[in-house]
Amino acid sequence: MITPEDILNLNFYKKEKFTGSYKGMRYLIQKDHEEESDHDIFRATYWPGPYNFAVTDDSLKSSATFPFTDDGKLQVVDWLNENWEKEKDHFQSLLL
């Protein structure tokens, strides 16, 4: 299970994006800016491994946005874990 500690603190995202993996699922988390609302947001994306974001076909990626807050960070973790749970058989098959 991905934990809030696994995806670092808010200050990290002010300068960098973060990539990680969990049992066959790769993910990217970054700070973005939503023009419509003029707010900073988390943009989280996951895809099946083993390849990185740049070389993975966009059709295999799923993304969502969350508020750029501590609560939003927890929502990112929950979203990643929920989607891993839904697709765990597929993700784990990539490890064999």
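Here is a short report on the structure shown in this document.

What counts and what doesn't
- Residues numbered from 1 in each chain as written.
- Predicted model: local features only at pLDDT ≥ 70, side-chain atom pairs only at ≥ 80, totals over all residues.
- Heavy atoms only, no water.
- Pairing = 2+ DSSP bridges.
- Helix = DSSP H or I, 4+ residues; strand = E, 2+ residues; numbered from the N terminus.
- Buried < 20%, exposed > 50% of the residue type's maximum accessible area, 1.4 Å probe, protein only.
- Axes fitted to C-alpha atoms, helices over the stretch in contact; angles between N-to-C directions.
- Contact = heavy atoms within 4.5 Å.
- Phe/Tyr/Trp six-rings, centres within 6.5 Å; stacked < 30°, edge-to-face > 60°.
- Lys NZ or Arg CZ within 6 Å of the ring centre and 35° of its normal.

Comments concerning the pairing of strand β2 (residues 25-34)
- Pairing analysis gives five bridges linking strand β1 (residues 18-22) to β2, with the strands arranged antiparallel. Looking at the pairing, Phe18 lines up with Ile29 of β2.
- Taken together, β1 and the strand that follows it, β2, pair antiparallel across an intervening segment of two residues, in which Lys23 is found at a positive phi of about 45 degrees.
- The hairpin turn running from β2 into strand β3 (residues 39-48), its antiparallel successor, is four residues long, and Asp38 in that turn takes a positive phi close to 60 degrees.

Notes on the pairing of β3
- For β3, the buried fraction is high: seven of the 10 residues fall into the buried class.
- Strand direction decides the pairing type here: β2 and β3, joined by 10 bridges, are antiparallel. Its bridge partner being in β3, Lys31 is matched across the sheet by Phe42.
- For β3 and strand β4 (residues 62-67), the ladder comprises six bridges, and the chain directions are antiparallel. Within the sheet, the bridge partner assigned to Phe42 lies in β4 and is Phe66.

Brief notes about the sheet that holds β2
- Ordered in space as β1-β2-β3-β4, the four strands form an open sheet in which the pairing is antiparallel. Edge positions in the sheet fall to β1 and β4, since each of these pairs with one other strand and no more. The sheet shows a mean angle of 25 degrees between the axes of neighbouring strands, direction not considered.
- Sheet strands in contact with helix α2 (residues 70-93) are β1, β2, β3 and β4, and its direction is about 15 degrees off that of β3.

Describing the packing of aromatic side chains
- Applying the stated rule across the entire model yields 10 aromatic pairs.
- For the pair Phe42 and Phe68, a centre-to-centre distance of 4.8 Å together with 50 degrees between the ring planes defines the contact as tilted. With Phe42 in strand β3 and Phe68 in the loop between β4 and α2, the pair connects residues that are 26 residues apart, well separated along the chain.
- Using a relative accessible area of 0% as the deciding quantity, one classes Phe42 as buried.
- Taken together through their ring pairs, the aromatic side chains of Phe12, Tyr13, Phe18, Tyr27, Phe42 and Phe68 make up a single cluster.
- Above the plane of the ring of Phe68 lies Lys31, whose end atom (NZ or CZ) is 5.8 Å from the centre.

None of the figures reported here should be taken as evidence of function without further support.
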